[in-house]
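Commentary on secondary and tertiary structure
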Amino acid sequence: MVFTRRPAAVLTAIVAACAMAISLTACTTDANSQDTADDRTTVTSSAPGVVAMFTPSDGITLNQQTPLNKWAKLTPNLTKALTSAGFKKGDISHTTSDSLDKQSRAIQDYVVNHLSGSNTTDDAGIVISPDNITLLVAPVVEADASTRQYGDYVSQELSTADTAEGSDSTNSSDSSNSSDSSDSSTGSDSTDDSSSDASKTVGDSKNAAQAEAVDRLVSSLKLAKESGMHVVLMGNSIKGYKPDAFVRFSDAQAIGKLQAEKIVSKLELSKASKDNPKYIEVLMPYTAVDEPGEASDSTFAQEAFRGIWQVLGAYYQKGVVESPSGTLNGNSTEDDWQSVAYDASKEGSTAKVLDARLAKAEEHASPTRIDGIIAMNDYIASEVVTELDDLGYTGSAADINPQITISGIVGNITGKKDLSRSDVPDPIKSPEKDDSADSTDSADTQDDSTATDKTDKTKDSQWPLVTGYGAYVSNIPSIVNGKQWMTGIEDRQTLAENIAEACALLNKGQTLTSMSSVRNTEVGGKKKVPTISGPLLAVSASNLKVTLIDPGYISLADAGL
């Protein structure tokens, strides 16, 4: 009996242990998930969750020149960063839209479908809880031709319906005034008014559609947040809407400031004097009239000039920097953007403006001396390079530092050697203003005068520093050979990594205070919005390998190597 009972007792003990294990497993499962009728489970809070990206479609770039600051370039970086942060590829979606109307509908459909339960599981059959979903939204905004030349990331702000209605009210008032004046107009004036009214009707219809799309977008994003989803706006803000986080890319002031700061550093303006000033021209391209024939918004040009003047203004005021054309002087202010602005939508406008600003005093005189030209973006910079060549300027930016040769630059880029640099001496007094030379020997004086004259002409025709922005692939060879001195670009990889980290934290219900790249700023009129940002990258021949080639943004072939 004892032997027959022992196996039974052992079996009983095993069954009891299994039951206990199953019970513990059930408790663990209940603590971390929620069973549903069809055996689906809700994703746990420890899992990364889901990220849905909504970005604008890339527009057509002028003359096939393509800046690296494009949404199509950023999204692969984002996807890679998100997978590195633990997100499954199947839990990362991406939707592109070519208009705000289409984008707002896509976001509305996504939010409604997930809240209604028609699209709430991943490939593993796991139910996605709203608080484990982050929407990455880059609102579609309309940009004129000039603004598009800087790439896709330039931050702008969408206006809500209230703003649009205010604009419509103003237009209605203007329409009433036009109607009153047309009563006493001639027949031809009536025809013009009819055309104007037709354009206004089209404009009003477009504004109404835009306002409706903004309202739909805001309503969808608010519904998403109320349900527990997280919303991160990228690049473009929405007036009056507060997201969980905002990704701030480049803006007009930052782009202008970057180029001005690099000019100051390279030309060593802190050492310049009134007796031997540096000569700098600022080109501010903008679109004066939009496609419907109405005056374009000049805010970007104004802000870009403000960023430039905050850096260069003091040097103009001290007299150590001059504008050969006289467009800027010591009495200029940050509000004088129109002094350097021109309508870049007209073909050949940049060449005409530059030709006028650098006009020779006499037909056979040497070129007008110019040390630096802020061209604002790479599209304009390429036109500047062509015109400078036509005007007779020679050399390259590499000549400003004789220790850096083109062959040395190429060797550095291809990894064969490092660049060595040394300062270039620049006299405090210009040769024509220096009267300290010994004039005891008339023959020597004449020889010195001839040599000085040749030196002056050589310096007058010396190729200036040309700045731009956007890192156009078509411009990279010009940066390598020194014709364009520098360009600028967003640090896409670092931004993508920071965005992925923010998405993971939000889906876990955590704040972004632990992120060093996040600061609270005002976004769309709302204060204390966690904002992800980073400095712009200035790219020249000396660091092109590190900034563009090593990260994989461009290839050696793109650089003409």
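Figured I'd write up the structure that's included with this text.

Rules of the game
Residues numbered from 1 in each chain as written. Predicted model: local features only at pLDDT ≥ 70, side-chain atom pairs only at ≥ 80, totals over all residues. Heavy atoms only, no water. Helix = DSSP H or I, 4+ residues; strand = E, 2+ residues; numbered from the N terminus. Buried < 20%, exposed > 50% of the residue type's maximum accessible area, 1.4 Å probe, protein only. Contact = heavy atoms within 4.5 Å. Areas by Shrake-Rupley, 256 points an atom, 1.4 Å probe, with all protein chains shown as cover. Arc of directions from axis to C-beta. Axes fitted to C-alpha atoms, helices over the stretch in contact; angles between N-to-C directions. Parallel < 35°, antiparallel > 145°, perpendicular 65-115°, else oblique. Left-handed = near helix turned anticlockwise from the far one by under 90°. Phe/Tyr/Trp six-rings, centres within 6.5 Å; stacked < 30°, edge-to-face > 60°. Lys NZ or Arg CZ within 6 Å of the ring centre and 35° of its normal. Core = buried A, V, L, I, M, F, W, Y, C linked by side-chain atoms within 4.5 Å. Expected span 1.5 Å × (residues − 1). Polar contact = N/O pair within 3.5 Å; in protein donor to acceptor, adjacent residues only side chain to side chain. Pairing = 2+ DSSP bridges.

Tallying secondary structure elements over the chain gives 15 helices and 19 strands in all. Burial status across the chain gives 42% buried among its 561 residues. Put simply, 75% of the contacts in the chain that link residues at least 6 apart link residues at least 24 apart. Of the roughly 27700 Å² that the chain leaves accessible, carbon and sulfur atoms contribute 49%.

Along helix H9 (residues 349–357), the residues classified as buried are Ser349, Thr350, Val353, Leu354 and Arg357. Buried residues along H9 cover an arc of 125 degrees about the axis, so they all sit on one side. Within H9, the exposed residues directed more than 90 degrees away from the buried face are Lys352 and Ala356. Elements that come into contact with the buried residues of H9 comprise strand S10 (278–282), strand S13 (341–343), strand S14 (372–374) and helix H10 (378–390).

Here we come to the packing of helix H7 (residues 252–266) against helix H8 (residues 299–318). H8 packs onto H7 with a crossing angle of 30 degrees between their chain directions and a minimal axis gap of 7 Å. Comparing the axis directions of H7 and H8 gives the class roughly parallel. Here H7 and H8 pass one another in a crossing that is right-handed. Residues Ala252, Gln253, Ile255, Gly256, Lys257, Ala260, Glu261 and Val264 of H7 touch H8, and the partners they reach there are Phe300, Glu303, Ala304, Arg306, Gly307, Ile308, Gln310, Val311, Leu312 and Tyr315.

Below, the discussion takes up the packing of aromatic side chains. This structure, assessed with the given rule, holds 8 aromatic pairs. Relative to Tyr110, the ring of Phe54 has its centre 5.8 Å away and its plane inclined at 80 degrees; by these criteria the two rings are edge-to-face. Of the two residues, Phe54 sits in strand S2 (residues 50–56) while Tyr110 sits in helix H3 (residues 100–116), which places them 56 residues apart along the sequence. Accessibility classification places Phe54 together with Tyr110 in one group, the buried group. Taken together, the ring pairs in this structure connect Trp71, Tyr153 and Phe249 into an aromatic cluster. Sitting over the ring of Tyr315, Lys318 keeps its end group 5.7 Å from the ring centre. Lys483 extends its terminal NZ or CZ atom over the ring of Trp463, reaching a point 4.0 Å from the ring centre.

As a further point, take the nonpolar core. Grouped together as the largest cluster of nonpolar side chains are 40 residues, with contacts concentrated most on Met284 and Leu312. The set of elements that each furnish at least two residues to this core consists of H7, S10, strand S11 (284–286) and H8. Per-element tally for this core: the top contributor is H8, with 10 residues. Beyond its immediate chain neighbours, meaning those up to four positions away, Met284 contacts Ala301, Ala304, Phe305, Ile308, Val340, Ala341, Tyr342 and Met376. In this structure, Val51, Ala138, Val247 and Cys503 belong to the second largest nonpolar core, which totals 30 residues.

Another point: H10. Between its terminal C-alpha atoms H10 stretches 18 Å, which fits the 18 Å expected from 13 residues at 1.5 Å a residue. Turning to H10, its buried residues are Asp378, Tyr379, Ile380, Ala381, Ser382, Val384, Val385, Glu387 and Leu388. Structurally, the start of H10 carries an N-cap: the backbone nitrogen of Tyr379 is 3.0 Å from a side-chain oxygen of Asn377. In the segment just after H10, Gly392 is the residue with positive phi, at about 95 degrees.

Below, the discussion takes up the pairing of strand S5 (residues 133–137). Counting buried residues in S5 gives 5 out of 5 residues, a clear majority hidden from the surface. Residues Ile133, Leu135 and Val137 of S5 are buried on one face, and the alternating residues Thr134 and Leu136, pointing to the opposite face, are buried as well. Both S2 and S5 contribute to a ladder of 5 bridges, which runs parallel. Bridge assignment links Val50 to a residue of S5, and that residue is Ile133. Alignment of S5 against strand S7 (residues 230–234), held across 4 bridges, turns out to be parallel. By the bridge assignment, Thr134 is partnered in S7 with His230.

It is worth spelling out unusual backbone geometry at this point. The phi dihedral of Met376 falls on the positive side, at around 75 degrees, and the residue is not glycine. Structurally, Met376 is set in the loop between S14 and H10. Met376 gets classed as buried once you look at its relative accessible area, which sits at 0%. Even without being a glycine, Ala471 presents a positive backbone phi close to 50 degrees. The topology assignment puts Ala471 in the loop between strand S15 (465–467) and helix H13 (476–480).

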